[in-house]
Amino acid sequence: FQPKWSLKLALQPNRQMALAYSTYREGQYVQEQLSLNFHRLGLGLAHHLPLGRMTSPWSLNLGLEPYYAYLDQALENKLDRRESYSSAYGLQLRLGQEWRRRNLILSLGIETDFNFNNLYRGDARIPSDFDRTSYRSWSAYLGMRYSLF
């Protein structure tokens, strides 16, 4: 909405997180897997700071995107565990560079993503206070967009 600011609406219809872990159960060492599938909606704000002279095509990109992720599926060892897990809300932070040529913008950088709430609701055997399930990730991104302004 200004040369130094941009607004982003992000929709991810299928965002899957998986956790593989080992534990002791009934005296045996077993491998288990938890798979959570979300539909995620976020609204982000980015600030673009010119690098060097004002006529330079390069800029630094700082982004912030709060999101809500609706839990669609929760499988633990192929068993449906949707009643034990909840939807997520969190934040994505982004740091990168952009190269602009007229209205075409190429971007690259790193981002981190984390949720604020405990994804595990608890069940009859294990209360939610005993199992804190949260999501943290680091990733690199590469993007291209077209600016109307």
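Below: a short report on this structure. (Residues numbered from 1 in each chain as written. Predicted model: local features only at pLDDT ≥ 70, side-chain atom pairs only at ≥ 80, totals over all residues. Heavy atoms only, no water.)

1. Considering the overall build of the protein
No. 1: Counting secondary structure elements, the protein contains 0 helices and 7 strands.
No. 2: A total of 149 residues make up the protein; the buried ones form 36% of that total.
No. 3: If you take every contact in the protein between residues at least 6 apart in sequence, the share linking residues at least 24 apart comes to 61%.
No. 4: Per element, the accessible surface of the protein, about 10,300 Å² overall, is 59% carbon and sulfur.
No. 5: Taking the average place of the 18 positive charges on the side chains of the protein and the average place of its 13 negative ones, the gap between the two points comes to 15 Å. (Helix = DSSP H or I, 4+ residues; strand = E, 2+ residues; numbered from the N terminus. Buried < 20%, exposed > 50% of the residue type's maximum accessible area, 1.4 Å probe, protein only. Contact = heavy atoms within 4.5 Å. Areas by Shrake-Rupley, 256 points an atom, 1.4 Å probe, with all protein chains shown as cover. Lys, Arg positive; Asp, Glu negative; His and termini not counted. Charge placed at Lys NZ, Arg CZ, Asp CG, Glu CD.)

2. Side note on the packing of aromatic side chains
No. 1: A full pass over the atoms with the stated rule returns 4 aromatic pairs.
No. 2: Here Phe 114 and Phe 116 contribute two aromatic rings whose centre-to-centre distance is 5.7 Å and whose plane-to-plane angle is 80°, an arrangement assigned as edge-to-face.
No. 3: Take Phe 114: its relative accessible area is 19%, and that puts it in the buried class.
No. 4: An aromatic cluster is built from Tyr 89, Phe 114 and Phe 116, whose rings are joined through pairwise contacts.
No. 5: Taking NZ or CZ as reference, Arg 40 lies 3.8 Å from the ring centre of Tyr 67, over its face. (Phe/Tyr/Trp six-rings, centres within 6.5 Å; stacked < 30°, edge-to-face > 60°. Lys NZ or Arg CZ within 6 Å of the ring centre and 35° of its normal.)

3. A few points about the environment of Arg 100
No. 1: Looking at the secondary structure, you find Arg 100 in strand β5 (residues 88–101).
No. 2: Look at Arg 100 and you get partly exposed, because its relative accessible area is 34%.
No. 3: Considered as a pair, Arg 100 and Tyr 67 are 33 residues apart in the sequence and their alpha carbons are 27 Å apart.
No. 4: Aside from chain neighbours lying at most four places away, what touches Arg 100 is Pro 57, Ile 105, Ser 147 and Phe 149.
No. 5: Reaching out from Arg 100, the side chain makes a polar contact with the backbone oxygen of Arg 102 at a distance of 3.0 Å. (Polar contact = N/O pair within 3.5 Å; in protein donor to acceptor, adjacent residues only side chain to side chain.)

Scope: geometric values only; no functional claims are made or implied.
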